Amino acid sequence: MSEKPQDIKAIPSGNSLWKEGMGRFMHNKLAIFGSVFLFILVLLCVLAPLIAPYSYETQNLSYGSEPPGSSHIMGTDPLGRDLFTRILYGGRVSFSVGLCATAVSVLIGVIWGSFAGWFGGKIDSIMMRMVDIAYAFPFTIFVIILMVFFERSMLLLFAAIGAVEWLTMARIVRAQVMAIKHHEFIDAARGLGLSTTRIIFRHILPNITGPVIIYSTLTIPAVMLLEAFLSFLGLGVQPPASSWGILIREGAETMEEYPWLLVFPGLALSLTLFSLNFIGDALRDALDPRSSRE
Amino acid sequence: MGKFILKRIFLETLPSLLVIITVTFFLIRLAPGGPFSSEKQMSAEVLEQLNSHYGIDKPLYTQYFSYLLNICKGDFGPSFKYPGRTVTELISESFPVSLELGLYALIFAILTGILAGVIAALKPGSFMDYFTMSLSMAGICIPAFVLGPLLVLVFSLKFGWVNVSGWNTFSDRILPSITLGMMYVAYIARLTRGGMLETMVQDFIYTARSKGLSETAVIFKHALRGALLPVISFMGPAAAGMISGSFVVETIFSIPGLGRFFVTAAFNRDYTMILGTVIFYAIIIIIFNTLVDIIQTILNPRLRNY
Amino acid sequence: MRFIGYLIVLIGLAGIHIHCTNGESAVEKATQNKILLFGNQTEPQDLDPHIVTGVPEFQIIESLLEGLTILDPQNLSPLPATASSWEISDNSLVYTFNIRKNAKWSNGDPVKASDFVFSFHRILSPALGSEYAYMLYCIKNAQEFNKSQIDDFSEVGVKAVGDSILQIELCKPVPYFLSLVAHHSWYPVHPPTILKFGSIDTRGTKWTRPENFVGNGPFVLDSWEINKIITVKKSGTYYDNESVSLNGINFYPIENNLTEERSFRTGQLHITSSCPLNKIRWYRSNQPQNLRIDPYLGTYYYLVNVNNKPLDNKNVRKALALAIDRKALTEHVLKGGQLPAASFTPPNVAGYTYGNTLSFDTTEARKLLEEAGYDKNNPFPSVSLLYNTHESHHTIAQAIQQMWKKYLGIDITLINQEWKVYLETTQNHKYDLARMGWISDYNDPNSFLDLWITGGGNNRTGWSNLKYDSLVQAASLASDTGKRFRLFSEAESILLDELPVLPIYFYTNVYLIHTSVKGWTPNILNNHNYKFIDLE
C-alpha cells in the first residue's frame, strides 16, 4: 500500500549534541536570567570609563568612609574615593583574571587528567605523582620566586593562579575518565578503530563535562579572591587600581564600622557567582546526554 | 591490597618526596631576602656568625646532602626564626591542634555538603534545590576572612555564646570549625548534587526501585556510591589541606595550629621550617590521595586493575 | 530531615549551656587574683635577652630579668635596680656600680658582679651572633672584641671587683649611660644555667624553657605553650617583693589586631598591644577611658635614593617634602593621634626639640620644581615609591601619590613588596623612594641622628655629608648637654636642608587598657616596668 504524500513526513535532520544542548539551554529560565545579568555586569565594567561618576583614584581625605548617600551611591572608602566607581573598575580586573586564569587551569587540568586517566598504569602514576609534587610546593614561595624572574605583569598573575588551580581539576577529570573508560560504548568506539585522541575528545570528554563545569564555575570566584592574596605579595594590581578581591579584603577589616565597604563588593562577587552557577548548571544539563530532564 | 600499598610507597611516594625536597630546597634559596634580613642593619660580622652557626655559608650542595642525611636520622634542624626550637618540636606541638580543627571541619563539611547535595538533587529545579545550593555557596562567596569575623560578631559579641578566640574550652572549637568547613561545603554539595543527578537516571537505579527497595535505600545505598566519585577525588587534597591547618582561620581565632607556619615560614625565610612543613604536608597529601584511590576502587569496582 | 532536626536541637542546647555557665569575665576574675592579662602581639622568638630583638620579646623578658638600673615610668630617668648605687669618675669614662647585697637569682643564688661580666662577655661573643651587641660598643674594646679583632675578653673594659662591685670603662663619654644600662641587651643571665646547656656563646639552647629558666627579676617563668600563652608568676626571691603587687602575668600572642580588640571588648584582656585604626573613633566616643594614645619615640619617613635622577637634585627633594599635607594625613588617614613630622627627631627627646621647619607649602614646592628645570616642556620623569605590604603603608602611599599628582602634577608608581624582598631592595639601594620607620631604643637624639652618617649601616640612601658626620661625631664626644644639643641641632639643620629622607609623622602608641590597671604610666619608650603595676 503506498502512502499518501502527506503521510510521508520529512526525515528529521540529525541533531548534533551541541545543537540539542543549545536548545535545552535556551529553555532554562534561570540560565537565561544568569547570562543576561552577567552580561550586563560585564558590560558595566567594560564601560566603566564612560559611566563612572568619578575617577577611581581621586581622593577626598575629609570625606573618607562616608556611608551611601546622594553624591556617592555606594559610599566612599577611607581615602574618600567613590566606592561605586572602584567596584566598576575593580570588576574589569576581577573578570579578566577570573575568566582567563580559570580557562588556563581548566585547559591544562582537563588535558592532563584525561590522559592520565585514559592511559592508566605507569603513565598515570607518574603524571599524578607530579600533581602531588606540585601540590606540596609552598605557593607563597613559588609566587615570590616567579616575581624574581619575570616582570611584574598581569600575564604573570594569570600564570601563577593557573599554575595552582589546574591540580584539583586534573584529579577530578582523571577519576571521571577512569570510571567511564570501561563503559561499553567506549569499547565499541575502540572496536571501531577510532584513534585515542578522537575517543578522548569526542566520546569521553562530553561525558565528564558535569563535574568539570561545576568545578570551573566555583573556581572563578575563588580565583578572584586568590588574586587579593597575590596583591599582598606584590603581584597583581598596583594601587590606586583595585579589584573585587582587594576591596573585599579591605572591607572585611572594617565590617563593623563601615559595612558598606564590604557589602557592595561582596554582593558583586556573590551575584557573579550565582549567575555563573545557574549558567553552569544549565550548561551541564544541556550538554550531558544522560542528565535528568525536568 | 598490601602489594598495592607497598608498591605505592616505594615506587611512588619516596621518589616523589625526594623530588619535592630537592626542588623546594634549591628553589627557596632563590627568593630574595634571607632569614636574617631585618630592618636594623646587622653588621657583616654578626651576619657571618649567624650564617656559620646555621651552616648556610657552606656550598649549597654540601648543605643539601647534610640535610638529607639529617632527615634520615629524623633531625629536621633548628628553626631559623625560633632559635631555641627544632622544626620537629614546632610541628609536633602544633599539628595535633590543626588535626583536631581539621577533623571537625571535615565532618561538618561532609555531612552538611552531602546532605545538601542529596536534598537538592531529589527535586531538581524546586525551591529546596535552589535554597540548599544557595546556602552552601555562601562558603565560597563569603571567604574565611569574612565569615570568621562575621560569626564572631553574631555569636560571640552579640549573643555571648562563645569566646571570641582561643583554643581552650570545647565551645572554642565551634566557630573555627564551621568557618574552615564552610569553604568546602559548596564544592561538596554541588559535586554531590551533580553526581546524584547523573546517577539517579542510570539503569541500575530503576532496577533497584523495581526490586522494591525503599527510596532511602536506593539513594544512600546505591546512588550515592557512584555520585560520590567526583566528591571523593576532590576531597583528597581538600582534606589534606584542612588538617594541615588554615593560616587565615588560625590567625582570626588565635589557634596555635600548624597552618600559620606554612605562611609565616615563607615570609620569614625560615628555610628549615619551610622544608619541614613542605615534607610534612607532602606526606599527608600522598597518604590522603592513596586513601582516596583506594576508596574510589571500592566504590566503583570497574576502577580496579587499571 | 530528622538529622537536621536533631542538629538544631543540639546546637540550641549547647548554646543555652554555654550561656548559663558564663559568669564573670576573664578580666574580672584575673583582677581579683592580681593576674595581668596582656595581649602580646606575637609568639616570641626566644626569651634569651642576648638574642632577641623585638618588642613582644622584651615585654616578657622585662618581667623575668632586671638590669643595673630601671627607668622611671614617668620621666624615664634611671633608678637604682640591681645596682643600688654608683659612682662616676671625673672624666665620665669609668662607672662603678654597687651590686645590691640582697639581689638574688630565682634559684636562691646571690647576684654577683661577675654575673654581669659573664653576661656582657656573652652578648659580645661573635659566635652568639647577637644583633644588639652594638648597644655595648661604648665599653672600651667591646667593638673590637665583638668583631673578632681581639680574642681576650679581659681586655674589654668591664671588671668585677669582689662580688658586689662592677666597674665599666667607656671608650668615650655617654651622657645617657645610666639609662642605657636599663636596656635588655645589658641584662644579666645566670652563668651556671647557661653553661649547663652549652658554652657561653652557644646559640639557641634550652636554657630558656620554663623548667630551666633562672632570672633575677620580679617574676619567674611558669609555663610556655607555643602560640598560645606564656605565664609568669611572682618570684619568691626578688629583693623588692613588697613593692610588687601583681601575682602573675599571662602573655597572649594574638597576632590579628582585630581579634585582639574583640578579645578586649569581651573582657579577655587587660591591655592590648595595639588598636585597629578604624576603631579609634568608636572608642573615643564611647569608651574613652579604655583608649590610650601615647607619643612614641619613632619617626615614619620616606628614604630618598640620592644617587638616582631626578632625586639627586636638592630642590626636587624639597619640593616633594613641601607638597605632602602631613596634617591631612594624620587627621583623616591615620586618625591615631600621630603628629605631623616637621623635623626628623620627635619633639622632646630627653629635652631636645628641633622645632618646626618642614611645612606644607605647595606654591613654594612648585617653584622649586620649576627651578630644578621641570615644567610642561620638560615633564618630571616617573619615579617609584616602594613600601612593604601593610594596610597603613598602602593607604598612606596612595594618599601621598595623589597629593603629589594634585599639587605638583607628577605621577609616581607605587610598588609594594613583601617584607623580606623589600628589605633586600632597600639594602641594595634599588629603589627611588622607599618607606621606612625608625623606633628608638633609648632616649637620646643620637639614636636618630647617627643613622645618617656616611656609610652608616642603616643609611640606605647613599647620602654622605662630611660636615654632618663631624657634627654628630663631635656631639657623641661632648659631655655637656647644652653643647651636645647645639651640635645635634646644627646637624639636623643640614639633614632638613638636604633631605635625604622625607619625614612624614611621629609615631604614637595606640592601645586599649582596662580601667582596673593601675600604675601604667605612658612614656615615649613604652617602657612599663611591671613592679609598678597593680590591679584593682
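Keep in mind it's a predicted model, so treat the numbers as computed, not measured.

Engineer: Would you take a moment to explain the overall build of chain B for this structure?
Structural biologist: Along chain B, the regular secondary structure elements total 13 helices and zero strands. Taken from N to C terminus, the helices and strands of chain B fall in the order α-α-α-α-α-α-α-α-α-α-α-α-α. Taken along its principal axes, the extent of the C-alpha atoms in chain B is 80 × 55 × 30 Å. The buried share among the 306 residues of chain B stands at 51%.

Engineer: What am I meant to see in the overall build of chain C here?
Structural biologist: A count of helical and extended segments in chain C gives 17 helices and 18 strands. Scaling as 2.2 N^0.38, a compact globule of 536 residues should have a C-alpha radius of gyration of about 24 Å, and chain C matches this with 26 Å. With the C-alpha coordinates aligned to their principal axes, the bounding extent of chain C is approximately 85 × 75 × 35 Å. Scored against the burial criterion, the 536 residues of chain C give a buried share of 50%. For chain C, restricting intrachain contacts to residue pairs at least 6 apart in sequence, the fraction spanning at least 24 positions comes to 68%.

Engineer: Help me understand the environment of Ile524(C) in this model?
Structural biologist: All names here are of chain C. With respect to the helices and strands, Ile524 occurs in the loop between strand E17 (517-518) and strand E18 (534-535). When the C-alpha positions of Ile524 and Gly298 are compared, they lie 8.7 Å apart, and in sequence the two are 226 residues distant. Ignoring any residue separated from it by four or fewer positions in sequence, one finds Ile524 in contact with Pro295, Tyr296, Leu297 and Asn443.

Engineer: Even after reading the chapter, I still don't get the pairing of strand E1 (residues 35-39) of chain C, so can you show me in this structure?
Structural biologist: Residue and element names in this part refer to chain C. The buried fraction of E1 is high, at five of five residues. Pairing analysis gives five bridges linking E1 to strand E10 (residues 248-252), with the strands arranged parallel. In the sheet register, Gly39 faces E10, and the bridge partner there is Tyr252.

Engineer: Would you mind going over the interface of chain A and chain C with me for this structure?
Structural biologist: A common way to state how big an interface is: give the accessible area lost once the parts meet. The partner chain C presents 20 residues to the 17 residues of chain A that form the contact. Taken together, the residues of the side of chain A that touches chain C sort by class into eight nonpolar, six polar and three charged.

Engineer: Before we go on, may I ask you to explain the pairing of strand E6 (residues 158-161) of chain C in this structure?
Structural biologist: Residue and element names in this part refer to chain C. Sheet topology note: the E6/strand E7 (residues 165-169) ladder contains four bridges and is antiparallel. Across the sheet, residue Val161 finds its bridge partner in E7, namely Ile165. Counted along the chain from E6 to the antiparallel partner E7, the turn is three residues long, and its residue Gly162 has a positive phi close to 70°.

Engineer: Help me out: how do you make sense of the interface of chain A and chain B in this one?
Structural biologist: Each partner contributes residues to the interface: chain A has 46 residues there, and chain B has 51 residues. Looking at the side of chain A that touches chain B, the elements with two or more residues in it are helix H5 (121-136), helix H6 (139-149), helix H7 (154-180), helix H10 (209-233), helix H11 (244-253) and helix H12 (260-287) of chain A. A per-class count over the side of chain A that touches chain B returns 25 nonpolar, 12 polar and nine charged.

Engineer: It is not clear to me how the packing of helix H4 (residues 87-122) of chain B against helix H5 (residues 127-141) of chain B should be interpreted in this structure. Could you clarify?
Structural biologist: All names here are of chain B. Interhelical geometry of H4 versus H5 gives an angle of 155° and a closest axis separation of 8 Å. By the angle between their axes, H4 is roughly antiparallel relative to H5. In this structure, H4 meets H5 at a crossing whose hand is left-handed. Along its contact with H4, which presents Gly113, Ala116, Ile119 and Ala120, the element H5 presents Met128, Asp129, Thr132, Met133, Leu135 and Ser136. Classifying every residue of the contact of H4 with H5 by side-chain character gives six nonpolar, three polar and one charged.

Engineer: Explanation requested: the nonpolar core in the structure shown.
Structural biologist: Ranked by internal contacts, the top residues of the largest apolar core, which has 326 residues, are Leu64(C) and Ala323(C). The biggest single contributor to this core is helix H7 (residues 174-200) of chain B, with 16 residues. Other than its neighbours up to four places away in sequence, Ala323(C) contacts Thr362(C), Ala365(C), Met403(C), Trp404(C), Tyr407(C) and Leu408(C).

Engineer: Can you walk me through the confidence of the model for chain C in this structure?
Structural biologist: Regions with low pLDDT should not have their predicted coordinates read in detail. When the pLDDT values of chain C are averaged, the result is 90; 96% of them are 70 or greater. Interface confidence in the predicted complex, given as ipTM, is 0.87; pTM for the same model is 0.88.

Engineer: Honestly, the sheet that holds strand E5 (residues 94-99) of chain C in this entry has me stumped. Any pointers?
Structural biologist: The strands making up a sheet associate through backbone hydrogen bonding, with each pair oriented either parallel or antiparallel. Residues and elements named next belong to chain C. Here we have four strands laid out as an open sheet, ordered E4-E5-E7-E6, and antiparallel in their pairing. The sheet terminates laterally at strand E4 (83-88) and E6, the two strands that pair on one side only. Within the sheet, the average angular offset between the axes of one strand and its neighbour, ignoring direction, is 20°. Here E5 runs beside E7; their pairing, made up of five bridges, is antiparallel. Residue pairing across strands places Phe97 opposite Leu166, the latter belonging to E7.

Engineer: Can you walk me through the sheet that holds strand E11 (residues 291-304) of chain C in this structure?
Structural biologist: All names here are of chain C. Taken in spatial order, the six strands make up an open sheet running E12-E16-E11-E15-E13-E14, and their pairing is mixed. In this open sheet, the two edge strands, each paired with only one partner strand, are strand E12 (339-340) and strand E14 (412-417). Packed on one face of the sheet, helix H11 (residues 326-334) meets E12 and strand E16 (501-512) and runs near 30° to E16. The strands touched by helix H13 (residues 391-408) are strand E13 (383-388), E14 and strand E15 (433-439); relative to E14, the strand with the most contacts, the crossing angle is about 170°.

Engineer: How should H5(A) be read in this particular structure?
Structural biologist: Side chains that are three or four residues apart share a direction in an α-helix, a result of its 3.6 residues per turn. Taking 1.5 Å per residue, 16 residues should reach 22 Å; H5(A) reaches 23 Å between its end C-alpha atoms and fits that length. Taken together, the buried positions of H5(A) are Met128(A), Arg129(A), Val131(A), Asp132(A), Ile133(A), Tyr135(A) and Ala136(A).

Engineer: What is the right way to read the environment of Leu235(A) from this model?
Structural biologist: Residues and elements named next belong to chain A. With respect to the helices, strands and loops of the structure, Leu235 is situated in the loop between H10 and H11. Put simply, Leu235 and Ser153 are 82 residues apart on the chain and 7.5 Å apart in space, counted from C-alpha to C-alpha. Once residues within four sequence positions are removed from consideration, Leu235 is found in contact with Val143, Met147, Arg152, Leu156, Leu157, Ala160 and Leu230.

Engineer: I'm lost on unusual backbone geometry in this one. Help?
Structural biologist: With glycine set apart, most residues show a phi of negative sign, and most peptide bonds adopt trans. All names here are of chain C. Lys309 connects to Pro310 through a cis peptide bond whose omega is -10°. Tracing the backbone shows Pro310 in the loop between E11 and helix H10 (314-322). At Lys34, a residue that is not glycine, the phi angle is positive and equals roughly 60°. Inspection of the secondary structure puts Lys34 in the loop between helix H2 (26-33) and E1. By the C-beta count within 10 Å, which is 17 here, Lys34 ends up partly exposed. Despite not being glycine, Ser92 shows a phi value in the positive range, around 60°.

Engineer: Can you walk me through the packing of H4(B) against helix H10 (residues 229-243) of chain B in this structure?
Structural biologist: The description of two packed helices rests on the angle between their axes and on the distance between the axes. Residues and elements named next belong to chain B. The interhelical angle for the contact between H4 and H10, taken along N-to-C directions, is 135°, at an axis separation of 7 Å. Taken together, the axis directions place H4 and H10 in an arrangement best described as oblique. Across from Ser98, Leu99, Gly102, Leu103, Ala105 and Leu106 in H4, the residues of H10 making contact are Ala239, Met242 and Ile243. For the contact of H4 with H10, a count of residues per class yields seven nonpolar, two polar and no charged.

Engineer: Just checking my understanding: could you explain the confidence of the model for chain B for this structure?
Structural biologist: Of the residues in chain B, 97% have a pLDDT of 70 or more, and the chain-wide mean is 84. Considering each helix and strand of chain B separately, the mean pLDDT is smallest for helix H9 (residues 215-227) of chain B, with a value of 72, and largest for H4(B), with 91.

Engineer: Would you explain the environment of Met255(A) in this entry?
Structural biologist: Tracing the sequence through the fold places Met255(A) in the loop between H11 and H12. Taking the C-beta count within 10 Å as the criterion, Met255(A) has 19 such neighbours and is therefore assigned partly exposed. When the C-alpha positions of Met255(A) and Ala282(A) are compared, they lie 35 Å apart, and in sequence the two are 27 residues distant. Non-local contacts of Met255(A), meaning those with residues more than four positions away in its chain, are made with Leu262(A) and Pro149(B).

Definitions and cut-offs
- Residues numbered from 1 in each chain as written.
- Chains lettered and ligands numbered in written order.
- Predicted model: local features only at pLDDT ≥ 70, side-chain atom pairs only at ≥ 80, totals over all residues.
- Helix = DSSP H or I, 4+ residues; strand = E, 2+ residues; numbered from the N terminus.
- Buried ≥ 20, exposed ≤ 12 C-beta atoms within 10 Å, placed from the backbone.
- Rg over C-alpha atoms; globule rule 2.2 N^0.38 Å.
- Contact = placed C-beta atoms within 7 Å.
- Pairing = 2+ DSSP bridges.
- Nonpolar A, V, L, I, M, F, W, Y, C, P; charged D, E, K, R; others polar.
- Axes fitted to C-alpha atoms, helices over the stretch in contact; angles between N-to-C directions.
- Parallel < 35°, antiparallel > 145°, perpendicular 65-115°, else oblique.
- Left-handed = near helix turned anticlockwise from the far one by under 90°.
- Core = buried A, V, L, I, M, F, W, Y, C linked by C-beta atoms within 7 Å.
- pLDDT = per-residue confidence, 0-100.
- Expected span 1.5 Å × (residues − 1).

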